Amino acid sequence: MPAVPAPAKVLVSGANGYIAVWVVRTLLERGYTVRGTVRSESKTGYLKNLFKSEVESGKLELIVVPDITKPGAFDEAVKDVDAVEHTASPFHFKANDPNELIEPAVKGTVGMLESALKFGGTRLKRVVVTSSCASVFDSNSRGLINESSWNEASITLVKEKGSAAPNPEKYRASKTLAEKGAREFVSKNASSLSWDLVTLCPPFVFGPNINEISSAADLGTSQALFYEALLSKTKTPEDLKGVAGGWVDVRDVALGHARALEVPEAGGQRFILSSGMFVWQDWFDAANQLGIPDIPKGTPGAGKDHQYVFRYDSSKAQNVLGIKFRDILTTTKETVEDFKKRGW
Ligand code: NAP
């Protein structure tokens, strides 16, 4: 018996985001009923059109939560839902003041849990928070790292340097503080909660877009990196040498959000959702192997010799959530096809 069986009602915050629209689609396909939050009425039109029949049949409802940092922002949203998927949080590397990221990340996440405690009632069974591998790895990570690893270094660095800290560190601190804040809230209030918490940690998320974008300039942070690297013709494999990270397909992240509701044993757990590590040469090689035109060659195969200082262990997500992660050829093919279909 699933922990939260369909057709249960699931609240998805930030429902218009790159990852969240896939989460909404996956939940609807698996028979769930969804209440999505967006920041303004103008963001509902695209979703109402994309999920027309589900809106008409009452399977999808969209509501506006204008400011997730306000106390009680989600008080109404959490009423009469069986589960929550909290995805809303800023993801960019452009903030000067770290609080531009930290406030909405922490107040949004802990605020969601406060609302869930006050107004979720006994109906609410599980809250899933979209965290990030930004809260898992740090400059001290070595070898195979798993869910027991926490990014303490970014918090310290941002505390010390404030706006002078490197911008990616500000984002990483925001995600770590939000996930830690969620875990602390749950342990402090354990005796009063009818629900448990699952946190999901993806590294860079790539894959086709089904959210509202009219040009490459509208792409979210991870997708913009992918587009710039492979298709914008502004970067060569040489430019991107040394840039390495973990990656996962957006559809596997969405499946992770659904499985986190379905699998009883997921309750209380933290999961790394990662397909593998990459250097950009790997994506150039995949695109060339697929015969995609106009992709620079670089040094084919050079990625295979890359010495990673750490790698993610995603065996827990594979074993407990039952996710078989997509491979680089599949994600490259379907992401590039999506871009080409848009004429980019
Ligand atoms: P996205 O497309 O930018 O979506 C972010 C969502 O959060 C949007 O609905 C956005 O609303 C909302 N949001 C952003 N800033 C906000 C604020 N200050 N107040 C209220 N809502 C705000 O990003 P995404 O890539 O789908 O990311 C979704 C979640 O996954 C985030 O928690 C992110 O940290 C996490 N994540 C992403 C990646 C990745 O590579 N993409 C990797 C690991 C974790 P608006 O559209 O109104 O701005």
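Counting from 1, residues in each chain are numbered in the order their sequence is written. Selection of residues for local features in this predicted model requires a pLDDT of at least 70, selection of side-chain atom pairs for listing and counting requires 80 or more, and totals for whole chains, interfaces and linings are taken over all residues. Values reported for side chains reflect all heavy atoms of the structure, with hydrogen atoms and water molecules removed beforehand.

**Here we look at the overall build of the protein**
Item 1. Helix and strand assignments follow DSSP, with helices taken as H or I runs no shorter than four residues and strands as E runs no shorter than two, numbered in order from the N terminus. Along its length, the protein carries 11 helices and 12 strands.
Item 2. Computed over its C-alpha atoms, the radius of gyration of the protein comes to 20 Å, within 12% of the 20 Å expected for a compact globule of 344 residues.
Item 3. A contact between two residues is defined here by any heavy atoms of the two lying within 4.5 Å. Across the protein, every contact between residues at least 6 apart in sequence was considered, and the portion connecting residues at least 24 apart equals 79%.
Item 4. Per-residue and other accessible areas follow the Shrake-Rupley method at a 1.4 Å probe size, with only the shown protein chains counted as cover for residues. Carbon and sulfur atoms make up 50% of the accessible area of the protein, which totals about 14,800 Å². Values of the radius of gyration come from C-alpha atoms, whereas the globule rule sets the reference at 2.2 Å times the count of residues to the power 0.38.

**What about the packing of aromatic side chains?**
Item 1. Note on ring pairs: Phe, Tyr and Trp rings are taken, using the six-membered ring of Trp, and paired if centres are within 6.5 Å. Classes follow the plane angle, with under 30 degrees stacked, over 60 edge-to-face and the rest tilted. Taken as a whole, this structure holds 21 aromatic pairs when the rule is applied.
Item 2. Between the aromatic rings of Phe206 and Trp280, the centroid separation amounts to 5.8 Å while the plane-to-plane angle is 50 degrees, which identifies the pairing as tilted. With Phe206 in strand 8 (residues 204–206) and Trp280 in helix 9 (residues 280–289), this pair connects stretches of sequence that are 74 residues apart.
Item 3. For every residue, the accessible area obtained with a 1.4 Å probe (protein chains only) is divided by the maximum for its type, and the residue is called buried under 20%, exposed over 50%, and partly exposed between those limits. You can call Trp280 buried: its relative accessible area is 5%.
Item 4. Ring centres 5.6 Å apart and planes at 25 degrees place the aromatic pair Phe339 and Trp344 in the stacked group.
Item 5. You can call Phe339 buried: its relative accessible area is 0%.
Item 6. Judged by its relative accessible area of 22%, Trp344 is partly exposed.
Item 7. The structure contains a cluster of three or more aromatic residues connected by ring pairs, namely Phe204, Phe206, Phe226, Tyr227, Trp247, Phe278, Trp280, Trp283, Phe339 and Trp344.

**A word on the sheet that holds strand 9 (residues 244–249)**
Item 1. For two strands to be treated as a pair, DSSP must find no fewer than two bridges joining them. If you walk across this open sheet you meet the 3 strands as 8-9-11, and the pairing is mixed. Each having just a single partner strand, strand 8 and strand 11 (276–279) make up the two edges of the open sheet. Averaged over neighbouring strand pairs, the angle between their axes works out to 50 degrees when direction is ignored.
Item 2. Examined bridge by bridge, strand 9 and strand 11 share 4 bridges and lie antiparallel to one another. Each residue of the ladder has a partner; that of Gly246, found in strand 11, is Met277. Axis definition: a line fit to C-alpha positions, over the contact stretch in the case of helices; interaxial angles, taken between N-to-C directions, run 0 to 180 degrees.

**As for the nonpolar core**
Item 1. Each nonpolar core is a collection of buried residues, namely Ala, Val, Leu, Ile, Met, Phe, Trp, Tyr and Cys, held together in the definition by side-chain atoms within 4.5 Å. Counting residues in each nonpolar core, the largest one holds 42 residues, and the members touching the most others are Val12, Leu27, Leu273 and Leu321.
Item 2. Of all the secondary-structure elements, those providing two or more residues to this core are strand 1 (9–13), helix 1 (18–29), strand 2 (33–38), strand 3 (60–64), strand 7 (196–201), helix 8 (250–262) and helix 10 (315–321).
Item 3. With 9 residues, helix 1 is the largest single contributor of residues to this core.
Item 4. Listed in part, the 22 residues of the second largest apolar core include Val65, Phe74, Leu113 and Leu124.

**Points about empty space enclosed by the protein**
With a probe scaled to a water molecule rolled over the atoms, the places where space remains empty come into view.
Item 1. Computed over the protein atoms alone on a 1 Å grid, cavities are sets of points where a 1.4 Å probe fits but cannot get out and pockets are open sets with protein on both sides within 12 Å along at least five of seven lines; a residue lines them when it has an atom within 4 Å of a point. Grid points are joined across faces, edges and corners, and a volume is the space filled by probe spheres set on the points. Following the criterion strictly, the structure yields 1 cavity of 30 Å³ or more and no others.
Item 2. In this structure, the largest cavity encloses a volume near 60 Å³.
Item 3. In terms of lining, the largest cavity is formed by His86, Thr87, Ala88, Ser89, Thr109, Val129, Thr130, Ser131, Lys175, Ala178 and Glu179.
Item 4. Examining the composition of the lining of the largest cavity, we find that 3 residues originate from one element, helix 6 (residues 167–188), more than from any other.
Item 5. Classification convention: Asp, Glu, Lys, Arg as charged; Ala, Val, Leu, Ile, Met, Phe, Trp, Tyr, Cys, Pro as nonpolar; all other residues, Gly among them, as polar. Of the residues that constitute the lining of the largest cavity, the class distribution is 3 nonpolar, 6 polar and 2 charged.

**Focus on the sheet that holds strand 2**
Item 1. Strand order across the open sheet formed by 7 strands is 3-2-1-4-5-7-10, with parallel pairing between neighbours. At either margin of the open sheet sits one strand with a lone partner, and together these are strand 3 and strand 10 (270–272). Strand-to-strand, the axes of this sheet are offset by a mean angle of 20 degrees, without reference to chain direction.
Item 2. Relative to strand 3, strand 2 runs parallel, the two sharing 5 bridges. Counterpart to Arg35 in the pairing with strand 3 is Glu61.
Item 3. On top of the sheet, helix 1 reaches strand 1, strand 2, strand 3 and strand 4 (83–86); it is set at about 170 degrees to strand 1, its chief contact.

**A short note on the site of the ligand**
Item 1. Throughout this document, a residue counts as near a molecule or strand when at least one of its heavy atoms sits within 4 Å of that molecule or strand. As a matter of local geometry, the ligand sits amid 24 residues, with Asn16, Arg39, Lys43, Tyr171 and Lys175 nearest to it.
Item 2. Residues adjacent in sequence count toward polar contacts only when both atoms are side-chain atoms; beyond that, a polar contact is any pair of N or O atoms within 3.5 Å, and within protein one must be able to donate a hydrogen and the other to accept it. Residue Gly14 places a main-chain N or O atom 3.2 Å away from an oxygen atom belonging to the ligand.
Item 3. Here the ligand loses 86% of its free accessible area of 880 Å² to cover by the protein chains.
Item 4. Listed by contribution, the elements that provide at least two residues to the shell around the ligand are helix 1, helix 6 and strand 8.
Item 5. Here the residues of the shell around the ligand sort into 12 nonpolar, 9 polar and 3 charged.

**Topic: the confidence of the model for the protein**
Residues shown with low pLDDT carry predicted positions that ought not to be read at fine detail.
Item 1. Per-residue confidence from the predictor is reported as pLDDT, a score between 0 and 100. With 100% of its residues at a pLDDT of at least 70, the protein reaches an overall mean of 96.
Item 2. Mean pLDDT per element in the protein: helix 7 (residues 221–230) is the minimum at 94, and strand 1 is the maximum at 99.

**Description of the environment of Lys125**
Item 1. In this fold, Lys125 is placed in the loop between helix 4 (99–119) and strand 5 (126–130).
Item 2. Lys125 sits in the partly exposed class, given a relative accessible area of 41%.
Item 3. For the pair formed by Lys125 and Leu193, sequence separation is 68 residues and the distance between their alpha carbons is 8.9 Å.
Item 4. Non-local contacts of Lys125, meaning those with residues more than four positions away in its chain, are made with Val4, Asp82, Ser194, Trp195 and Asp196.

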